[in-house]
Amino acid sequence: MTGMSERGPVPEAPVAHSPAGTGHGAFDGHHPPSRRRVEECVHCGFCLPACPTYGLWGEEMDSPRGRILLMKEALEGHIALDDVFVRHMDACLGCMACMSACPSGVRYDELIEATRAQIERLHRRGPLERAYREALFAVFPHPGRVRVAAVAAWAYQRSGLAGALHARRWPDRLPGRMGRWREALRALDGLMPPVSLGAVARPLPRQVGPHGAPRRRVGLVAGCIQRGFFAQVNWATVRVLVAEGCEVVVPRPQGCCGALMVHAGREASALRSARALVDAFEGWELDDVVVNAAGCGSTLKDYGRLLADDPGYAGRASGLAGKARDVTEVLAGLEPRARRHPVRARVAYHDACHLSHAQGVRSQPRQVLASVPGLEVVELGDDQCCGSAGIYNLVQPEAGEELGRHKADLVRAAGVEAVVTANPGCNLQLRRFLGPGVPVFHPVEVLDASLRGRPSLAGAQGV
Amino acid sequence: MGALEEVKAELARVLPPDAVVTDPAELATYSCDGLAGYRTTPGLVVLPTSTEGVASAVRACSARGVPFVARGSGTGLSGGALPHAEGVLIVLSRMRRILEVDPVNQRMVVEPGVTNLAMSKAVAAHHLYYAPDPSSQVVCSVGGNVAENSGGAHCLKYGFTTHHVLGLEVVLPDGSVVELGGRTLDPPGYDLRGVFVGSEGTLGIATRVTVRLLRLPEAVATLVADFPDPSTAGEAVSGIIASGIVPAAVEMLDNLAIQACEAATGAGYSLDAGAALVVELDGPREECLGRFGEVEAICRGAGATRVRVAGSEDERALIWKGRKAAFAAMGRLSPGYFVQDGVIPRTALGPVLARIAHLASEAGLRVANVFHAGDGNLHPLVLYDPDRPGEPERAEELATRIVELCVDAGGSITGEHGVGVDKACSMPKMFSEDDLAVMARVRAAFDPAGICNPGKVFPTPRLCGEVIGPYRPHPLELAGVAERW
Ligand SMILES: Cc1cc2nc3c(=O)[nH]c(=O)nc-3n(C[C@H](O)[C@H](O)[C@H](O)COP(=O)(O)OP(=O)(O)OC[C@H]3O[C@@H](n4cnc5c(N)ncnc54)[C@H](O)[C@@H]3O)c2cc1C
Ligand code: SF4
Ligand code: SF4
């Protein structure tokens, strides 16, 4: 990655602050943000209007250009990784809109990822915040636990408790000094999607083939949030791929791909997850590794770089990365074979940042939707982040909420019946701000409805 | 308490808490504008959201003789928004409301932090747009445009900012608020609006801008013609102008600039062309399309190796995206660059570029060139590596020699990026002492205390070392008509 950093295992605990003169300034020697990459920023400012946080607050230190300058100052040892520095890095959504906007090709993704890993090692957060982050990471990246959470969410919704609690707005009842927690809990509570128990409970098939010779042999990454909350999306993915002539395997056991941890700078656990997934997909002889969650896809495609330091994994990791495709990329690459029935609906397509900005996948999901007769797809005319951004809406609830409302307003103004987006995080966020009136689907759910001859999207979320 | 500390204390009282920035790391993010070679951390940054907020900041400074500098989006390329270490940086990026759109009278009123492109987007539904289109239009603010009198590819036909700004609300350096100009094109009295436009933040801070809007043209046609070298492309430009056609834009990129644009945008420029010419015509459909054929023929006649005509609005947008990314994409070729900004007679293009190439190879550096061919505005970009000892200095020297070359070729030192700190030392090359003294008097009329963006535009001993020589009183001063500002 940087050529300048030392190779070696990820330190679990802080590496002693590098003394002045080691060339990393406030960072330690384990993959500090690359100086060369920092220098690639010519300070032109073209990224500013693309950045949601600059849009919110209009200040330089919460813009990509400002954050890069902060990294540079820290690299030069002029500033420390103190609360102020961390606040501005934490406020970054990691939406990578700045990368799409940057004419100089600055690798902001690598820079922020390296910076976050350093922060997690070298900076000590306040006790409340630490506990909260630990709690989140105790649930989210573990498919099993997300499933428990999902079942609990189902029970919670069925019990009538949800309505009762919502009426009393329970998050407001928390003690005042837990203000941030209150915001965060409100966010978490608002995110609980309607859960279809059947889909959660039924395990995906291990291997399923089409009639006749398969056109491609693909492996499905089942994801953790996707599996826990949107199991129906995985089912739809399997069905449409098989209908289009693919043989689908779902290697097991599969854990989390590590994306959420990578984005939060939890390097050691991210690498553990990545290695396990590389192992799980070993030996299946796949043409593609299919991902239906944009955040996972972008991380998977980056496995080669992520595991470059590990001689036992580097080669296999980049092999896996080379085969990783978003499900819409695979579908758009196959001449449609299965019969599409009309779906009469007017929907908006929302670009998930980790699909559009991080993977450059914009036309393929639109192409998949365009293959459905009767479907009218409306552009929102603004590809700004919806504020979900991994766990962002849970750790930066105010900003996440403002962006979520903005996106929901755009959707409502477009006068559509539903929104289609290819990432579970966006799905959760959009549901929260759109309410039950405007449902949210994954593109494969829409295609699935068409293949199964469901005339409207009402039943698209069935199993 | 020092004067700056007093200002800090006062502003912490009168402005909202999140509008006053004092943390050293946060201040450092404001240390430079688009000319990142110059960096100074400001003493204090304020982010007002209203004219009143700006006025209180300026009053606080003026009461104590503390210098202040206005900043819009910080994309200036001459260091105009370079802060003062002992002063206040007044940032207008939160003043970005569109206050009024009057489609019938084709004008709008905006706050200074509104971006150039946001103005056009806001009125597109009325088939109107704001004509001056600097390449940085996605991000640069209209306040910065006013201060720099910015122009863009289309200024050949439509003119610069000054031709499109009707009126301004300005906070003067003593903190008072005045209106300059008005809502019509030619209000009676002295044209103080005209004085303010292009004053590079040295006469006050614009807090409200009334601009005029044009109707979107009925038809637009765009082509890219490849040439073996910039001189032949220059001949084609002369041919087009001589035929009586007034193109909306004529832009030239040399090979290095083409490479940067292509890497950034994949806009379809030919990587092997010695130079590319982008020509755009607009206007009533019949006329535009008729004359477009002529342009194509002139290009081919002059030796174009390939002519690509934009077949759709998307393709046209992509061609412009490529051209407009040229400067900002230089990071792909080099970690550091100086943009120069000179005006040369169009006919001198060939020899000037040859001379630049010669100077560049002497200095062992690369220079990319972007040229607003229609009006002779040349932007050489001197590429350098800040980490190589001595290279930044060599690059700076080369950049200075290039602008001086432009002057020697019968041109001037600045087209549109302003003088700022970057070219202040070259001012005596362009203007006589008397000229400079008269300009200084204008400045002093607005800012007698010399606290409004000091150290910019005019050469100072600190900035220019020995170059400008010892201070000598101006004849007007000797005559007692003027005092030193
Ligand atoms: C990649 C790139 C391409 C560019 N292309 C062009 C181009 O094609 N044409 C062109 O003309 N310029 C171009 N520029 C230069 C720059 O974008 C313009 O000068 C622009 O007008 C600056 O606007 P800003 O908001 O960034 O101003 P800033 O850089 O923030 O400030 C510029 C000057 O304006 C003053 N100022 C800012 N706001 C106010 C205000 N409200 N009142 C009074 N003074 C104020 C500042 O003190 C400073 O002196 C380019 C810059 C870049 C980085
Ligand atoms: S990743 Fe998104 S939020 Fe972060 S700096 Fe880039 S544009 Fe801004
Ligand atoms: S657009 Fe790219 S080069 Fe320009 S300021 Fe942003 S990150 Fe830096």
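Along each chain, the written sequence defines residue order, and numbers are assigned to residues from 1. Chain A is the first chain written and ligand 1 is the first ligand written, with later ones labelled in order. At least 70 in pLDDT is required for a residue's local features to be given in this predicted model, at least 80 for side-chain atom pairs to be given and counted, and no such filter applies to totals for whole chains, interfaces and linings, which use all residues. As a rule here, side-chain values cover all heavy atoms of the structure and leave hydrogens and water aside.

Counting from the N terminus, the helices are DSSP H or I runs at least four residues long and the strands are E runs at least two residues long. Counting its regular elements, chain B contains 17 helices and 19 strands. The globule rule is 2.2 Å times the number of residues to the power 0.38, and the radius of gyration it is compared with is taken over C-alpha atoms. In summary, chain B has a C-alpha radius of gyration of 23 Å against a globular reference of 23 Å for 485 residues, a match within 12%. Expressed as lengths along the three principal axes of its C-alpha atoms, the size of chain B is roughly 70 × 55 × 50 Å. Working definition: with a 1.4 Å probe on protein chains only, accessible area under 20% of the residue-type maximum means buried, over 50% means exposed, and in between means partly exposed. Looking at chain B as a whole, 57% of its 485 residues are labelled buried. Residues count as neighbours in contact if any of their non-hydrogen atoms are within 4.5 Å of one another. Of all intrachain contacts in chain B linking residues separated by at least 6 positions in sequence, the fraction that spans at least 24 positions is 71%. All accessible areas in this document rest on Shrake-Rupley with a 1.4 Å probe, and a residue is counted as covered only by the protein chains that are shown. Counting only carbon and sulfur atoms, one obtains 54% of the accessible surface of chain B, whose full area is about 18,600 Å².

Take the interface of chain A and chain B next. Counting residues at the interface gives 32 residues for chain A, matched by 37 residues for chain B. A 1.4 Å probe defines the accessible area here, and the buried area is the portion of it lost by two parts on being joined, summed over both. The contact between chain A and chain B buries some 2,600 Å² in all, and 56% of this surface belongs to carbon and sulfur atoms. By the criterion of area lost to chain B, the three top residues of chain A are Val42, Phe46 and Pro103 of chain A, representing 20% of everything that side buries. Any Lys or Arg side-chain nitrogen located within 4 Å of an Asp or Glu carboxyl oxygen qualifies as a salt bridge. Taken together, the connections running from chain A to chain B amount to four salt bridges.

The local shell around ligand 2 consists of Cys51, Pro52, Pro64, Arg67, Cys92, Leu93, Gly94, Cys95, Met96, Cys98 and Tyr108 of chain A. Any residue that is not Ala, Val, Leu, Ile, Met, Phe, Trp, Tyr, Cys, Pro, Asp, Glu, Lys or Arg is counted as polar, Gly included; the first ten are nonpolar and the last four charged. Residue classes in the shell around ligand 2 are distributed as nine nonpolar, one polar and one charged. Nearness here has a simple test: a residue counts as near a molecule or strand if at least one of its heavy atoms is within 4 Å of that partner.

Our next topic: the packing of aromatic side chains. Only rings of Phe, Tyr and Trp enter the pairing, Trp through its six-membered ring, and a pair is recorded when the two centres are within 6.5 Å. The plane angle decides the type: under 30 degrees is stacked, over 60 is edge-to-face, the rest tilted. Evaluation of the coordinates by the stated rule reveals two aromatic pairs over all chains. A ring pair is formed by Phe27 of chain A and Phe85 of chain A, whose centres lie 6.3 Å apart and whose planes are at 65°; its orientation type is edge-to-face. Taken together, the residues Phe27 of chain A in the segment before helix H1 (35–39) and Phe85 of chain A in helix H4 (residues 83–90) connect sequence positions 58 residues apart. Judged on exposure class, the residue Phe27 of chain A and its partner Phe85 of chain A are both buried. Ring centres of Phe338 of chain B and Tyr384 of chain B lie 5.0 Å apart, and the angle between their planes is 20°; on these two criteria the pair is classed as stacked. With Phe338 of chain B in strand E16 (residues 336–339) and Tyr384 of chain B in strand E19 (residues 377–384), this residue pair connects regions lying 46 residues apart in the sequence. Take Tyr384 of chain B: its relative accessible area is 9%, and that puts it in the buried class. Just above the ring of Tyr313 of chain A sits the side chain of Arg275 of chain A; from NZ or CZ to the centre is 5.8 Å. Geometry around Tyr313 of chain A places Arg316 of chain A over its ring, the cationic atom sitting 4.5 Å from the centre. In this scheme, the term charge over a ring applies when either NZ of a lysine or CZ of an arginine sits within 6 Å of the ring centre and within 35 degrees of the ring normal.

Residue and element names in this part refer to chain A. In space, the four strands of this open sheet follow the order E7-E6-E8-E9, with parallel pairing throughout. Bordering the open sheet on either side are strand E7 (375–379) and strand E9 (440–441), each of which pairs with just one other strand. Sheet topology note: the strand E6 (residues 345–349)/E7 ladder contains five bridges and is parallel. Residue pairing across strands places Ala345 opposite Leu375, the latter belonging to E7. When DSSP locates at least two bridges between a pair of strands, those strands are taken to pair.

All right, on to the site of ligand 1 then. Residues in close proximity to ligand 1 total 36 residues, the closest being Ala70, Gly72, Thr75, Ser136 and Ser141 of chain B. In this structure, ligand 1 is bordered by residues of chains A and B. A 3.5 Å cut-off defines polar contacts: any pair of N or O atoms within that distance qualifies, except that in protein one atom must be a possible hydrogen donor and the other a possible acceptor, and neighbouring residues in sequence count only when both atoms are side-chain atoms. Contacts to ligand 1 include Ser73 of chain B, whose backbone N or O atom sits 2.9 Å from an oxygen atom. Within the side chain of Asn145 of chain B, one N or O atom sits 2.8 Å away from an oxygen atom of ligand 1. Expressed as a share of its isolated accessible area of 970 Å², the protein-covered part of ligand 1 is 99%.

Right, let's get into the nonpolar core. Only buried residues count toward a nonpolar core. Its members are Ala, Val, Leu, Ile, Met, Phe, Trp, Tyr and Cys residues joined through side-chain atoms within 4.5 Å. Membership of the largest hydrophobic core comes to 98 residues, with the highest contact counts inside it found for Leu241, Leu300, Tyr303 and Leu457 of chain A. With seven residues, the top contributor of residues to this core is helix H13 (residues 231–243) of chain A. With residues up to four places along the chain from it excluded, the contact list for Leu241 of chain A reads Val218, Cys246, Val248, Val290, Val327, Val330 and Leu331 of chain A. Cys47 and Leu81 of chain A together with Val91 and Ala328 of chain B belong to the second-largest nonpolar core, a separate cluster that totals 71 residues.

Moving on: the domain arrangement of chain B. Residue and element names in this part refer to chain B. The source of the domain bounds is an automatic or database domain assignment. Its domain assignment divides chain B into domain 1 (3–91), domain 2 (98–215), domain 3 (219–328) and domain 4 (334–430). The centre of domain 2, based on its C-alpha atoms, is set 28 Å off from the matching centre of domain 4. Between domain 2 and domain 4, the residue contacts involve nine residues of the former and eight residues of the latter. When domain 2 packs against domain 4, the two sides together hide about 580 Å² of surface, and 48% of this comes from carbon and sulfur. Among the residues of domain 2 in contact with domain 4, Glu148, Leu156 and Glu200 are the three that bury the most area, contributing 55% of the side total. Our count for the contact surface shared by domain 2 and domain 4 stands at two residue pairs in polar contact (both at pLDDT 80 or more).

With that settled, consider a nonpolar patch on the surface. All names here are of chain B. Here, patches come from residues exposed beyond 30% relative accessible area and free of salt bridges, joined within 9 Å for like charges and within 5 Å for nonpolar side chains (Val, Leu, Ile, Met, Phe, Trp, Tyr). A cluster of nonpolar side chains, contributed by Tyr190, Leu192, Val195, Val438 and Val442, occupies part of the molecular surface with about 480 Å² of accessible area. Elements supplying a minimum of two residues to the nonpolar patch: helix H7 (192–196) and helix H15 (433–446). Structurally, Val195 is set in helix H7. Judged by its relative accessible area of 34%, Val195 falls in the partly exposed class.

Residue and element names in this part refer to chain B. Inspection of the secondary structure assignment puts Glu10 in helix H1 (residues 3–14). A polar contact of 2.7 Å, which involves the side chain of Glu10, links it to the side chain of Arg64. Among all residues touching Glu10, those that are not within four sequence positions of it are Ala60 and Arg64.

This paragraph deals with the side chain of Glu40 of chain A. Within the secondary structure, Glu40 of chain A is located in the loop between H1 and helix H2 (52–57). Beyond its immediate sequence surroundings of up to four residues, Glu40 of chain A is in contact with Ser104, Gly105, Val106 and Arg107 of chain A together with Gly331 of chain B.

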